[in-house]
Amino acid sequence: MKDRDKERTFAALPPAPGRGFARTWWGQAWLRALEDAALDSEQVRTGRRLARAGAVGAVSVRPGRVTAVVQDRDRTAHRADVLLQELTAEQWDRFLDMTVERAGHIAALLDREMPPHLVEDAAAAGVELLPGLGDLEAACDCGAWDHCGHTAALCYQMARLLDQDPFVLLLIRGRGESELLHALQARGAASPQEPSAPDRPLEGVDAAETYATGFLLPPLPGPPELPVEPGLPPSLGTEAPPAPGVDPDALGFLAARAAHEAHRLLAEALRTGHERHVVEAELTPAEDAVRLAAGAPGTTVAARLAAGTGRDGEGLAAAVRAWQCGGVAALAVLEDDWTAEPEALSRARAALESSWDEDERPRLRASGNRWSVVGGRTQVRLGADGRWWPYRKERGRWLPAGPASQDPATALAAADGEGDDREGDDREGDKEGEG
């Protein structure tokens, strides 16, 4: 066995202010074995402070023992040892046999990873790799008979080393990296390939055992931070001509809008209470075209979007304006002329009458779900959800003038802004009856 396999020495790690000592799930399991078994929690906290301050010197790791010199706050040095029982020869045989049968375990170890299923498979073979309650024994020249601040500090420092290399844990259990890999290679070469047996039932996993060992699984990662702005799509500018039917400008625009939409969805997902929000219905192709047009495409792309949805340029501009005021609901109010059911119509008329005093109520003409000011250029439209949408007539066309309101008077006031009426008289046709 090489010297590296007999003992490994790690230089003293720098102080670790404001950071956790175990970032991997197996490092956290190591600390859990300390924190759950220590009789004096104050000693554990002292050890954490000493380790965080960089008071642990070089760490020597060998089978069954970890050693380091730890300094108190008054610079008094103490030799601290943490002991963990080595695996027996029989247990190592079972571990090696199990690992050889699953190539993914070897690959994970070589990547300095210790996946939960490796530990679970080892436990199923009767081999406990990670320490459990009371497995980490302490010995210190300060005279403490249980874990003291010095041995606790060494345990916290070991968690940082285990994060970097799980082979350190296997060394404590009795086998170094080189010896272990050599043994795995020898067993893999000696093991004949098992013939395929498609009719053989697959081995299952006992649910009770899996649930009982659930604490070994790593915690779910925290939510990602929201980027400040959407990412930039890759540049499509190349000297090669585009393939037939491919418009580089349209493709670049779609990529940019996809990044923008992904940023929006992530922002919504990270918002508090997102899980209680109603899932939005999938957009129709016509609605999605308006969403894309709201992203300020170039002239060529905008023309393609208009043509693809059966609109002219002004029609697409009006749809975009509605989308910016309220998305799908506002777009439906722009394009759908519907007649309210009698009950909804009664509620709408009651809302209109109660929104103004008798002497202040404007004269309105009704047509379907639309009420227009007689002789004026403002209008309110009732949406299917009972909200009122402000509209203003500009250049002979009714256009959205703002977001919806629960009150028709508020919506009509929002519509009563500056408009460009170049055709003079924008009064409604005779088809509209007075409401």
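See above for the structure.
These remarks concern the structure in this document. Keep in mind the model is a prediction, meaning the values are calculated, not measured.

Moving on: the pattern of salt bridges. Taken as a whole, this structure holds 20 salt bridges when the rule is applied. Close ionic contact of R392 with E394 constitutes a salt bridge, the shortest N to O distance being 3.2 Å. Residue classification places E394 among the buried positions, given a relative accessible area of 9%. Several salt bridges converge on common partners, so that one network encompasses E261, R264, E268, D288 and R291.

Look at helix α2 (residues 25-37) against helix α7 (residues 149-164): their axes get within 8 Å of each other, and the N-to-C directions meet at 165 degrees. Here α2 lies roughly antiparallel to α7, going by the angle between them. Of the two elements, α2 crosses α7, and the hand of that crossing is right-handed. Along the contact surface, α2 presents W26, G27, W30, L31, L34 and E35, while α7 presents A152, C155, Y156, M158, A159, L162 and D163. Here the residues of the contact of α2 with α7 are counted per class, giving 10 nonpolar, one polar and two charged.

A word on the side chain of R392. Position of R392 among the secondary structure elements: in strand β9 (residues 388-394). Judged by its relative accessible area of 9%, R392 falls in the buried class. Separated by 3.2 Å, the side chains of R392 and E394 make a polar contact. A polar contact of 3.1 Å, which involves the side chain of R392, links it to the backbone oxygen of A415.

With that settled, the discussion passes to helix α11 (residues 248-270). In a regular helix each residue adds 1.5 Å, so 23 residues correspond to 33 Å; α11 covers 33 Å between its end C-alpha atoms and thus fits that length. Every buried residue belonging to α11 is among A250, F253, R257, E261 and H263, and all of these are buried. For α11, the secondary structure elements touched by its buried residues are α12 (285-293) and α13 (299-308). One side-chain oxygen of the residue at the start of α11 lies 3.0 Å from the amide nitrogen of D249, identifying that residue as D247.

So, how was this worked out
Residues numbered from 1 in each chain as written. Predicted model: local features only at pLDDT ≥ 70, side-chain atom pairs only at ≥ 80, totals over all residues. Heavy atoms only, no water. Salt bridge = Lys/Arg side-chain N within 4 Å of Asp/Glu carboxyl O. Buried < 20%, exposed > 50% of the residue type's maximum accessible area, 1.4 Å probe, protein only. Axes fitted to C-alpha atoms, helices over the stretch in contact; angles between N-to-C directions. Helix = DSSP H or I, 4+ residues; strand = E, 2+ residues; numbered from the N terminus. Parallel < 35°, antiparallel > 145°, perpendicular 65-115°, else oblique. Left-handed = near helix turned anticlockwise from the far one by under 90°. Contact = heavy atoms within 4.5 Å. Nonpolar A, V, L, I, M, F, W, Y, C, P; charged D, E, K, R; others polar. Polar contact = N/O pair within 3.5 Å; in protein donor to acceptor, adjacent residues only side chain to side chain. Expected span 1.5 Å × (residues − 1).

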